[in-house]
Amino acid sequence: KKPFLASILKEFHPVTSVLGYSSACYPTIFSGTGSSTNGLWGSYHRTEQSRFRWLRVLGRSLDWISWSSWLQGKFSRVVGILWRMRGYFNLYRIPLSRLSFFDVGEDKPLWEPGGIPGARSLFDHFREHRHEFDVIAEGSDQQRLERLQARVRSNPGDHSIFVILGELDLTMHIHGPGSGPAEALLDRYEKEILKAWKAAKEANPQSELTIFSDHGMAPIRQHVDAMSVIAGLPLREGKDILAFYDSTMLRLWYFNDHARTMVRDAIRSAFGARLRLV
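Residues numbered from 1 in each chain as written. Predicted model: local features only at pLDDT ≥ 70, side-chain atom pairs only at ≥ 80, totals over all residues. Heavy atoms only, no water.

If you tally the helices and strands in the chain, you get ten helices and six strands. For the chain, the spread of C-alpha atoms along the three principal axes comes to 70 × 45 × 35 Å. Counting across all 278 residues of the chain, residues that qualify as buried make up 39%. The long-range fraction of contacts in the chain, counting pairs at least 24 apart against all pairs at least 6 apart in sequence, stands at 58%. Accessible area of the chain: about 17,200 Å², with a carbon and sulfur share of 55%. Counting 36 positive and 30 negative side-chain charges, the chain places the centres of these two groups 3 Å from one another. (Helix = DSSP H or I, 4+ residues; strand = E, 2+ residues; numbered from the N terminus. Buried < 20%, exposed > 50% of the residue type's maximum accessible area, 1.4 Å probe, protein only. Contact = heavy atoms within 4.5 Å. Areas by Shrake-Rupley, 256 points an atom, 1.4 Å probe, with all protein chains shown as cover. Lys, Arg positive; Asp, Glu negative; His and termini not counted. Charge placed at Lys NZ, Arg CZ, Asp CG, Glu CD.)

Time to look at the packing of aromatic side chains. The description of an aromatic ring pair uses the distance of the two centres, along with the angle that the planes make with each other. Using the criterion set out here, one finds twelve aromatic pairs in the structure. Here the aromatic rings of Y88 and Y92 are separated by 6.4 Å at their centres, their planes lie at 50 degrees, and the arrangement is tilted. A relative accessible area of 43% means that Y88 is categorised as partly exposed. Residue Y92 is classed as partly exposed on the basis of its relative accessible area, which comes to 46%. Across from the ring centre of F101, 4.2 Å away, lies the NZ or CZ of R56, which sits over that ring. (Phe/Tyr/Trp six-rings, centres within 6.5 Å; stacked < 30°, edge-to-face > 60°. Lys NZ or Arg CZ within 6 Å of the ring centre and 35° of its normal.)

Another point: the side chain of D63. With respect to the helices and strands, D63 occurs in the loop between β1 (44-46) and α3 (69-82). Here D63 sits buried without a salt bridge, and the closest side chain of opposite charge, R60, lies 4.6 Å off (N-O distance). Here the side chain of D63 touches L96 through a polar contact of 3.2 Å, landing on its backbone nitrogen. What D63 contacts, discounting residues up to four positions off in sequence, is P95, L96 and S97. (Salt bridge = Lys/Arg side-chain N within 4 Å of Asp/Glu carboxyl O. Polar contact = N/O pair within 3.5 Å; in protein donor to acceptor, adjacent residues only side chain to side chain.)

Membership of the largest hydrophobic core comes to 17 residues, with the highest contact counts inside it found for Y44, F52, F75, F89, L96 and L99. Elements represented by at least two residues in this core include exactly α3, α4 (96-99), β2 (102-104) and β5 (241-245). Among all residues touching F52, those that are not within four sequence positions of it are V79, M85, F89, L99, S100, F102, D103 and V104. (Core = buried A, V, L, I, M, F, W, Y, C linked by side-chain atoms within 4.5 Å.)

Locating G178 in the fold gives a position in the loop between α7 (167-175) and α8 (180-203). It is 32 Å that separates the C-alpha atoms of G178 and H45, two residues lying 133 residues apart in sequence.

Attention now moves to the pattern of salt bridges. All chains considered together, the criterion is met by 16 salt bridges. Of the charged contacts in the structure, one is a salt bridge between R127 and D124, with a shortest N-O distance of 3.4 Å. Highlighted residues: R127 and D124, both in helix α5 (residues 122-128), separated by three residues, approximately one helical turn. Accessibility expressed as a relative area gives 16% for D124, which makes it buried. A salt bridge links D265 to R268; the nearest nitrogen and oxygen atoms lie 3.7 Å apart.

Bringing α8 into the picture now. The α-helix winds at 3.6 residues per turn, so residues separated by three or four positions along the chain end up facing the same way. Along its 24 residues, α8 runs 35 Å from first to last C-alpha, staying within 8% of the 34 Å computed at 1.5 Å per residue. Buried residues of α8: A182, L185, L186, Y189, E192, I193, A196, W197, A199 and A200, and no others. The secondary structure elements touched by the buried residues of α8 are α6 (141-154) and α7. (Expected span 1.5 Å × (residues − 1).)

If you want it as structure tokens, here you go:
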């Protein structure tokens, strides 16, 4: 099968991302700097100044909220409004008692002024040079593509349009890369982008098109349930250890040597080389 949009794209370049998380990739794409410079890496980072630290007074009494998608959504919206959080925020089933030790990385959308705290973004550059641009990131992917079509036709002048499409990521998480649903969605993307591209070239022959993928996707080969192993140890969360479970990475903080030895021995015993400790 031909590469995506091979009929109009002249160059293709492979990209290697850091751990594959969008929260690190987007800031790098938009600023040209790595996470060590721009300050954005994981969706959540540990800090004693977390805006969620007030949750500690509730203990584990509200941890059940994180296991209901509906309640997660409600909690995220309410907290987002109260704390004026305009960047990306998703609870991701994080127990609220553990959330109190962490905070989100994005305080506001990356394309707003100062949206990437440690670096100057492409959007900051555009503003400085008074170059008009739009970012289309609200609604479903189909709605975003329809807005792209309308925007191209309404303003054929010298401006830039950024469209962020997120449904392919979700589809591949559910069905896997190379699956029928993923390929069908890519075909739909291709048709809609080709339509917008044709309209853009008719309106302005100098139009250019660039497609970015923030990260790739690998099929699941095996599951490693480190959460159950660590939960079974006689250790106190927030007192002996603090654990944060990402999809392909486990972050651990130890508050004493006994906890460190116990956790690492248990992980080695349960998983051997299948889970790499650093």
